[in-house]
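So the chains spell out like this:
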Amino acid sequence: MANQSKIRLGICGWGNVATAVYSALSANRGELLKKYNLEIVCIGARRDNPNIKIPSNIKVHRNIFDVLEDDIDIVIELIGGVDVAFQLLSKAFERRINVVTANKAVLFEHGNKLFKAALDKNLSIYFESSVCAGTPIIKLLKTDLAANRISKISGMLNGTTNYILTKMEKGQSYASALSEAQQLGYAEADPKLDVGGIDAAHKIGILASLAFQCPLPLKKFFIEGIESIKKEDFDFAREQGYTIKHLAVAEKQKNKEILVRSHPVLLPFNSNLGSLKGVRNGIEVRTNLIGEVHLAGSGAGKESTASGVISDLIHFSKHRGMQEDFYTSNKFKMAKFSTQSFKYYFSIEAEDKPGTAAKLTSQFAKHQVGIDVLIQKESKKNCTARLIIITDLAEEKIINKLKNNLEKLSLTSDVRFIRIEI
Ligand code: HSE
């Protein structure tokens, strides 16, 4: 390690999050820098950021890899993406530099290799803001809940999708809500990662690896986005006491297999997670010693992310030299999604003529799927009706067969379902 008295920092990236980290650290004449013995030595900025001028006492490198050539104790990686970030972090460990990163994609894909590299060199890798930005779930799992056996983690882990779904619930279109989320700096550079459920999948993968000690990356789990949800689904869901959210779940099943999934769900409207609006993220952790732990906070945006990054720096400052306990070689088995059971919300658009409801419900009977609620709505389109069906518990693979068979009927024009989380 370099200078023991000051912790010397190099920041890689100079976008929204990096400038927010810099601003928070420098606020009040550098109160946090002084209190925690930190010094910003250099910044790797491919280009200037018109919002913040870098003071002359901080070196600027246009090649971010040059940050690692400086005499620094920690590199703060805020460039995002997978391949270059992986090279940068691997190189940091080679050069005996500790890492703080907000990058969930690189952790999900290469976490195991990075954790192992840190362990081998007796270095630290911190990543609080990789999941839920500054809302503190990583250190909570690693330390405060360490005495517990965790059986399930459920979370709304993507601020952008919660923002979009909240706006759609109020009647706004999907496209304009997404554009707002992008302007507010919540969305990924490629928003498909958000709306396609992949960002939440990366995050639940990281949490599953901490909670169940399974090495990353986790493969073969179910991922679905919010792209096909329609505004009217919120009205139908609301009539039955539900709202629609994007949920990511990691769960240890009775047979010890790990089930991981990331997809939209109907949730009771007034539940803890169901009532979280906008960019807020929420997590429920089921533990054996303290029951269910609930946590909520802003899950995206530069200030929240900066809060998580700085919490890592403070942790390093207070406990430096402490070795992390990662599980890089544990064996585990992933549970199959197709054999899981849910209740389902179906929305079926079909010809509005006598016998339609009977033909559709007979398909449910044929697949032995019980119907709990059946409502028929007049559709705005000519000569069609919308049937809203809530099923009893049924197996995922049966429901997919049922959907295929409903779609094959000449009288149906749109068949969709959303799982209900109970
Ligand atoms: N795009 C992410 C989100 C940012 O919307 O949650 C925080 O990881």
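Remember, predicted model here, so these are calculated numbers, not experimental data.

In terms of domain boundaries, the protein chain breaks down into domain 1 (7–134), domain 2 (137–299) and domain 3 (338–420). In this structure, domain 1 and domain 2 have C-alpha centres spaced 27 Å apart. Across the contact, 16 residues belong to domain 1 and 24 residues belong to domain 2. Of the roughly 1,700 Å² buried where domain 1 meets domain 2, counting both sides, 66% is carbon and sulfur surface. Where domain 1 touches domain 2, the interface holds three salt bridges. Close ionic contact of E128 with K139 constitutes a salt bridge, the shortest N to O distance being 3.3 Å. Counting across the domain 1 and domain 2 interface gives five residue pairs in polar contact (both at pLDDT 80 or more). If you tally residues by element for the side of domain 1 that touches domain 2, the top one is helix α3 (residues 104–120), at eight residues.

In the vicinity of the ligand, the residues found are K104, N158, G159, T160, Y186, A187, E188, D194, D199, K203, G299 and A300. Between the ligand and the protein, one listed contact pairs an oxygen atom with a side-chain N or O atom of N158 at 3.5 Å. When isolated, the ligand has an accessible area of 250 Å², and the protein chains bury 94% of it. The set of elements that each furnish at least two residues to the shell around the ligand consists of α5 (159–169) and α8 (198–212). Tallied by class, residues from the shell around the ligand come to three nonpolar, four polar and five charged.

With that settled, the discussion passes to the side chain of T101. Among the secondary structure elements, T101 is positioned in strand β5 (residues 98–101). At 2.5 Å, the side chain of T101 forms a polar contact with the side chain of E77. Beyond its immediate stretch of four places on either side in the chain, T101 contacts E77, L89, L107, Y126, F127, S129 and S130.

As a further point, take the environment of A147. Mapped onto the fold, A147 is located in the loop between α4 (138–144) and β7 (150–156). For A147 and N405, which are 258 residues apart along the polypeptide, the C-alpha to C-alpha distance reads 49 Å.

Hydrogen bonds between backbone groups are what pair the strands of a sheet, and the pairing can be parallel or antiparallel. The strand order β3-β2-β1-β4-β5-β6 describes an open sheet built from six strands, whose pairing is parallel. The open sheet is flanked by β3 (59–61) and β6 (125–126), the only strands paired with a single partner. Pairing analysis gives four bridges linking strand β4 (residues 74–77) to β5, with the strands arranged parallel. Bridging across to β5, E77 finds its partner in T101.

Generally speaking, nonpolar side chains in soluble globular proteins are found buried as a group. Formed by 56 residues in total, the largest nonpolar core has its most connected members in I137 and L207. No other element matches α8, which puts nine residues into this core. Looking at which domains feed residues into this core, each of domain 1 (7–134) and domain 2 (137–299) supplies at least three. Each residue touching L207, except ones within four places of it in the same chain, is listed here: V131, I137, I138, L141, I153, L157 and I283.

Our next topic: the environment of K343. Turning to its location among the elements, K343 is positioned in strand β13 (residues 341–351). K343 sits 49 residues away from D392 along the chain, and the two C-alpha atoms are 5.2 Å apart. The contact partners of K343, leaving out residues within four places of it in the chain, are D372, I390, T391, D392, L393, I418, R419, I420 and I422. One polar contact links K343 to D372, side chain to side chain, over a distance of 2.8 Å.

Calculation notes
- Residues numbered from 1 in each chain as written.
- Predicted model: local features only at pLDDT ≥ 70, side-chain atom pairs only at ≥ 80, totals over all residues.
- Heavy atoms only, no water.
- Domains from an automatic or database assignment.
- Contact = heavy atoms within 4.5 Å.
- Buried area = accessible area lost by both parts, 1.4 Å probe.
- Salt bridge = Lys/Arg side-chain N within 4 Å of Asp/Glu carboxyl O.
- Polar contact = N/O pair within 3.5 Å; in protein donor to acceptor, adjacent residues only side chain to side chain.
- Helix = DSSP H or I, 4+ residues; strand = E, 2+ residues; numbered from the N terminus.
- Near = heavy atom within 4 Å.
- Areas by Shrake-Rupley, 256 points an atom, 1.4 Å probe, with all protein chains shown as cover.
- Nonpolar A, V, L, I, M, F, W, Y, C, P; charged D, E, K, R; others polar.
- Pairing = 2+ DSSP bridges.
- Core = buried A, V, L, I, M, F, W, Y, C linked by side-chain atoms within 4.5 Å.
- Buried < 20%, exposed > 50% of the residue type's maximum accessible area, 1.4 Å probe, protein only.

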